[in-house]
Amino acid sequence: MKTLTIQKTALTGNYAVAYATKMAKPHVIAAYPITPQTSIVEKLAEFVEKGELNTSFVNVESEFAAMSVVYGAAMAGARAFTATSSHGLLYMYEATWWTALSRAPVVMAVVTRTIGPPWNIHVEHNDILTLRDAGWIIAMAETVQETFDLTLQAFRIAESAALPTAVGVDGFVLSHSTEPVEMPPQEVVDKYLPPRRPDVPMLLRPGEPVTFGNLPSDNKIHARHKVAAVYEAQQEAKKVISQADEEYGRLTGRRYGGLVEWYRAGDAKHIVVCAGAWCSDAKHAVDYLRARGVPVGLMRIRFVRPFPREEVAKLDQYETAVVYDRDITPMGGILGLEVKAALSRARVVNIVAGIAGVDFDSRHFYETIQNAIDGGYRDLVFVV
Amino acid sequence: MSFRIDQLPKKKYVVPGNAACAGCGMMIGLKILGMALGEEAVLSIPASCAAVVQGLTPKSGVAMPILNVPFASAAAVATGIAEAYRMLGVKGHAVVWAGDGGTADIGFGTVSGAAERNSNIIYVMYDNEAYMNTGIQRSSSTPRAAWTTTTPTGKHERKKDVALLMAMHGVPYVATASIAYPQDFYRKLKRASEIQGFKFIHLHAPCPPGWRYDPAKTVEIAKLAVETGAWILWEYDNGQLKLNPPSTVYVDRAKRKPLKEYLKLQGRFAHLTDNDVKMLEEEIEAKWQTVLALAKAFPQRL
Ligand SMILES: Cc1ncc(C[n+]2csc(CCOP(=O)(O)OP(=O)(O)O)c2C)c(N)n1
Ligand code: SF4
Ligand SMILES: [Mg+2]
């Protein structure tokens, strides 16, 4: 019997995306350069040039074209991948909505970056979160290892749920930081990812007249389609995601807990909520505070969509929920607003911080957590 | 290569239930597309009249597989379909059926990108010379002096020549065509389907409500466009540019019908003075000289 070897190596977040995508064997890749995403597609182009990856690599003239190409490919039954950041995501915006409402199972890495002006390439989550109403599944990685694992899982999730899936990779913090990574053997990946079913979301073939997307005879047809694609499909995707996590855990030994990850939350009185790479810093802060007798735990949102409503509802059992947002809207932070909407008892303090790439480390976390617990903040604060 | 209309495929691809206006030129083009490539084509159609004429979902008045796509995206979506088919081993042609607005204006970056990377698609731009679906606004392909709702005294700029721009990308195949010459359009579609890479056909397609004429006159007007020299039939195939009949005859300016015969049937040109007509004639002559110069520059290879 052939022995299967797990490859242990060190990769940047972007290369982790590229290696995972390579192992998923997409039929079509299209992307356009933008910092900090660029090294993903450069690496993939190199795999293709070296003959290590048999894919159609389409060099496009814009992000709008990138999303349109992978959309067309996915509608024709192909496994398709793209990647972008910030202004690139905004430039493809119309096509991202069209893709979601077509139920096209595209996978996209979003290497998160702030939005200008001024031009600034550093981390922030506003870009990926613009997808939150469009019907995309949105995952956020904490580590390079999870970046790798989530990218692989995204193909399975997208194709099983018939929903496009975005994997958030924090710009520079993950994309350009090197961490140890374990890569499963190709045979294991092949087992984990079933072959692409060409009839998801529909069979588009010459000689078989089907029309997708023409005017509705009754607006209710469109309305029902929207409820199914934007809401119901997301609810169904929760099952798909937890199965994808469990099966991955069975095959690789790495399980993350599905939509959220709980950290030292069991006996806590206060809870920290966050998403993305800075959750590692937040966890250090929790450890630090715990060591000083502060009963605090953490819930990491791994999937912003589908929104983990059931898990978030459990936060009502805590006295204080301190929700961190690396994004800003005229109403405050996005996660803060969404978490608050799911709770009725817990006091919610929403801390908008780290936007525009401003440093926010574990010291900032424990100081602000402590202050929030002590009642030093109103319900919304900006730390800039 | 010549064809007899009565020997073309009989299967109908434009069927009852379609929502086109009476006398729609674009619909004549779609019928010919069906005859030529009905069993092989998968269409990407951006926002346009072509999106509307399909009729109402869950039904369709066009019996070909159709993906409706965002306004500016069609060339890229078709590229994705073509690449998917190549990787999956599916035979067929990714065809774009798009208007002048979706091609010459908002989609031009996407079209140019697909041409430059030689994506394996057949792109048909049906040119009704304005944004008809949104109620007759100008496009960059609206001819000079034509009335539209956004050029109420007539357009002040010249018509963008998209076919020539595409030929200058150096793609394998570019042609102009007219719905008044179905055999020519049919042959060009068939020729395009034999070629690997980017193929572009610019189809002149009159529109009764947009051009303000009697719907019975669509073919007559399309024909007059060619006979007056306002629309030139040519073909750029594998590096060679040549005129196609009957435009070959109209190289000789004396053989062309007076431009007025074409203009006077259309309400959109009703406000033109004799001077305006003369100016348009000179512009048309200049276009002829450009096309002839290019035919000389890209001669038939032995
Ligand atoms: C991004 C975007 N902008 C604007 C529109 C509105 N719109 C729909 S069709 C159209 C004009 C289409 O013109 P053309 O491509 O010439 O096709 P025609 O309607 O003339 O057949 C416009 C402006 C749209 N659907 N999408
Ligand atoms: S407006 Fe013109 S192009 Fe549009 S369907 Fe009517 S006739 Fe055809
Ligand atoms: Mg038009």
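Note that the structure is a prediction, hence the values are computed from the model and not measured.

So, how was this worked out
- Throughout, a residue's number is its position along its own chain's written sequence, starting from 1.
- Lettering for chains starts from A, numbering for ligands starts from 1, and both go in the order in which the items are written.
- Local features in a predicted model are, by the rule used here, given only for residues with pLDDT of at least 70; side-chain atom pairs are given and counted only at 80 or more, and totals for whole chains, interfaces and linings are based on all residues.
- To obtain the side-chain values, all non-hydrogen atoms of the structure were used and water was disregarded.
- Secondary structure elements follow DSSP: runs of H or I no shorter than four residues count as helices, runs of E no shorter than two count as strands, and numbering proceeds from the N terminus.
- It is over C-alpha atoms that the radius of gyration is taken, and the globule rule equals 2.2 Å times the number of residues to the power 0.38.
- Only protein chains enter the accessibility calculation, which uses a 1.4 Å probe. A residue is then buried if its area is under 20% of the maximum for its type, exposed if over 50%, and partly exposed in between.
- Here, two residues are considered to be in contact whenever any of their heavy atoms come within 4.5 Å of each other.
- Only the protein chains shown count as covering a residue, and every accessible area follows the Shrake-Rupley method with a 1.4 Å probe.
- His is not counted here, nor are the chain ends, while Lys and Arg score as positive and Asp and Glu score as negative.
- Just so you know, the charge point we use is NZ for Lys, CZ for Arg, CG for Asp and CD for Glu.
- Where each domain begins and ends is defined by an automated method or by a domain database.
- What gets called buried area is simply the loss in accessible area from a 1.4 Å probe that two parts show on being joined, summed for both.
- For this document, the term salt bridge refers to a Lys or Arg side-chain nitrogen within 4 Å of an Asp or Glu carboxyl oxygen.
- Pairs of N or O atoms are called polar contacts if they sit within 3.5 Å, as long as, within protein, a hydrogen donor faces a hydrogen acceptor (for residues adjacent in sequence, only side-chain-to-side-chain pairs).
- Ten residue types, Ala, Val, Leu, Ile, Met, Phe, Trp, Tyr, Cys and Pro, are classed as nonpolar, four, Asp, Glu, Lys and Arg, as charged, and the remainder, Gly among them, as polar.
- DSSP-based pairing: two strands are paired if at least 2 bridges between them are found.
- Coordination shells were defined by N, O and S atoms within 2.8 Å of each metal, extended to 3.2 Å for Na, K and Ca; water is absent from the atom set, which can make sites look incomplete.
- The crossover handedness rule: strands pointing away from the viewer, path from first strand over the helix to second strand clockwise, crossover right-handed.
- Every axis in this analysis is a line fitted to C-alpha atoms, fitted for helices over the stretch in contact. Angles between the N-to-C directions lie between 0 and 180 degrees.

1. Brief notes about the overall build of chain A
The secondary structure content of chain A amounts to 13 helices and 16 strands. In terms of overall dimensions, chain A is globule-like: its C-alpha atoms have a radius of gyration of 21 Å, near the 21 Å expected for 384 residues. Once the C-alpha set of chain A is aligned to its principal axes, its extents read approximately 70 × 60 × 45 Å. Each of the 384 residues in chain A was classed as buried or not, and the buried ones make up 60%. For chain A, contacts bridging at least 24 residues in sequence account for 81% of all contacts bridging at least 6. Summed over its atoms, the accessible surface of chain A is roughly 14700 Å², and 53% of this surface lies on carbon and sulfur atoms. On chain A, the mean spot of the 39 positive side-chain charges and the mean spot of the 43 negative ones are 4 Å from each other.

2. A short note on the environment of A:Tyr192
Looking at the secondary structure, you find A:Tyr192 in helix 8 (residues 186–192). The spatial distance from the C-alpha of A:Tyr192 to the C-alpha of A:Thr252 is 10.0 Å, given a sequence separation of 60 residues.

3. Regarding the domain arrangement of chain A
Buried accessible area, meaning the area lost when the parts come together, often serves as the stated size of an interface. All names here are of chain A. By domain assignment, chain A separates into domain 1 (7–252) and domain 2 (260–383). Using only C-alpha atoms to locate each centre, domain 1 and domain 2 end up separated by 27 Å. The interface is formed by 29 residues belonging to domain 1 together with 27 residues belonging to domain 2. Buried surface at the junction of domain 1 and domain 2, summed over both partners, amounts to about 2200 Å²; 54% is from carbon and sulfur atoms. Summed over the three residues of domain 1 that lose the most area to domain 2, namely Arg132, Glu142 and Lys238, the buried surface amounts to 27% of that side.

4. Description of the interface of chain B and chain A
Listed by partner, the interface residues are 44 residues for chain B and 37 residues for chain A. A per-residue breakdown of the area chain B buries against chain A is headed by B:Thr57, B:Pro70 and B:Met87, which together make up 19% of the total. At the junction of chain B with chain A, the criterion picks out one salt bridge. A salt bridge links A:Glu61 to B:Arg117, with the nearest nitrogen and oxygen atoms 3.0 Å apart. Counting the contacts that link chain B with chain A gives 15 residue pairs in polar contact (both at pLDDT 80 or more). Elements supplying a minimum of two residues to the side of chain B that touches chain A: strand 1 (41–46), helix 2 (49–52), strand 2 (66–69), helix 3 (74–88) and helix 5 (108–116) of chain B. Among the residues forming the side of chain B that touches chain A, the class breakdown is 25 nonpolar, twelve polar and seven charged. Examined bridge by bridge, strand 9 (residues 211–212) of chain A and strand 2 of chain B share two bridges and lie parallel to one another.

5. Focus on the coordination of the magnesium ion (ligand 3)
Residue and element names in this part refer to chain B. Distances from the magnesium ion (ligand 3) to its protein donors, Asp100 (OD), Asn128 (OD1) and Ala130 (O), fall within 2.0 to 2.1 Å. Sequence positions of the residues that donate to the magnesium ion (ligand 3) give the spacing D-x27-N-x1-A. Placement of Asp100 in helix 4 (residues 100–105) and of Ala130 in the loop between strand 4 (121–127) and helix 6 (162–167) is noted, with a sequence separation of 30 residues between them. The pair formed by Asp100 and Ala130 is uniform in burial state, with each residue classed as buried.

6. Quick look at helix 9 (residues 218–227) of chain B
All names here are of chain B. Burial within helix 9 is extensive, with seven of its ten residues counted as buried. Within helix 9, burial applies to Thr218, Ile221, Ala222, Leu224, Ala225, Val226 and Glu227. Considering only its buried residues, helix 9 is in contact with helix 1 (25–37), strand 5 (173–178), strand 6 (199–204), helix 8 (208–211) and helix 10 (259–263). Following helix 9 by one or two positions, Gly229 has its phi on the positive side, about 85 degrees.

7. Some thoughts on the environment of B:Phe185
Residues and elements named next belong to chain B. Relative to the elements of secondary structure, Phe185 occurs in helix 7 (residues 182–194). For Phe185, a relative accessible area of 0% corresponds to the buried category. As a C-alpha pair, Phe185 and Ile32 span 153 residues in sequence and 7.5 Å in three-dimensional space. Filtering out sequence-adjacent residues up to four positions away, Phe185 remains in contact with Gly29, Ile32, Leu33, Trp97, Val124, Ala177, Ser178, Ile201 and Leu203.

8. Focus on the pairing of strand 3 (residues 56–59) of chain A
All names here are of chain A. The pairing of strand 2 (residues 28–31) with strand 3 spans four bridges and is classified as parallel. What sits directly across from Ile29, in strand 3, is Phe57. For the segment spanning strand 2, helix 2 (residues 38–49) and strand 3, crossover handedness is right-handed.

9. Notes on the sheet that holds strand 5 (residues 107–112) of chain A
All names here are of chain A. The seven strands lie next to each other as 3-2-4-5-7-6-13, forming an open sheet whose pairing is mixed. The open sheet terminates on both sides in strands that have one partner only, identified here as strand 3 and strand 13 (303–305). Mean inter-strand twist for the sheet, computed between neighbouring axes without regard to direction, equals 20 degrees. Looking at chain direction, strand 4 (residues 80–84) and strand 5 are connected through four bridges and run parallel. The residue bridging Ala83 from the neighbouring strand is Ala109, located in strand 5. Across the sheet, helix 7 (residues 144–161) touches strand 4, strand 5, strand 6 (137–140), strand 7 (165–170) and strand 13, and the angle it forms with strand 7 is around 165 degrees.

10. Observations concerning the sheet that holds strand 15 (residues 347–353) of chain A
Residues and elements named next belong to chain A. With respect to topology, six strands assemble into an open sheet ordered 10-12-11-14-15-16, the strand pairing being mixed. At either end of the open sheet lies a strand with only one pairing partner, and these are strand 10 (260–263) and strand 16 (380–383). If you compare each strand with its neighbour and ignore which way they point, the axes differ by 20 degrees on average. Of the strands in this sheet, strand 11 (270–274), strand 12 (296–301), strand 14 (320–325) and strand 15 are in contact with helix 12 (residues 334–342), which crosses strand 14 at around 150 degrees.

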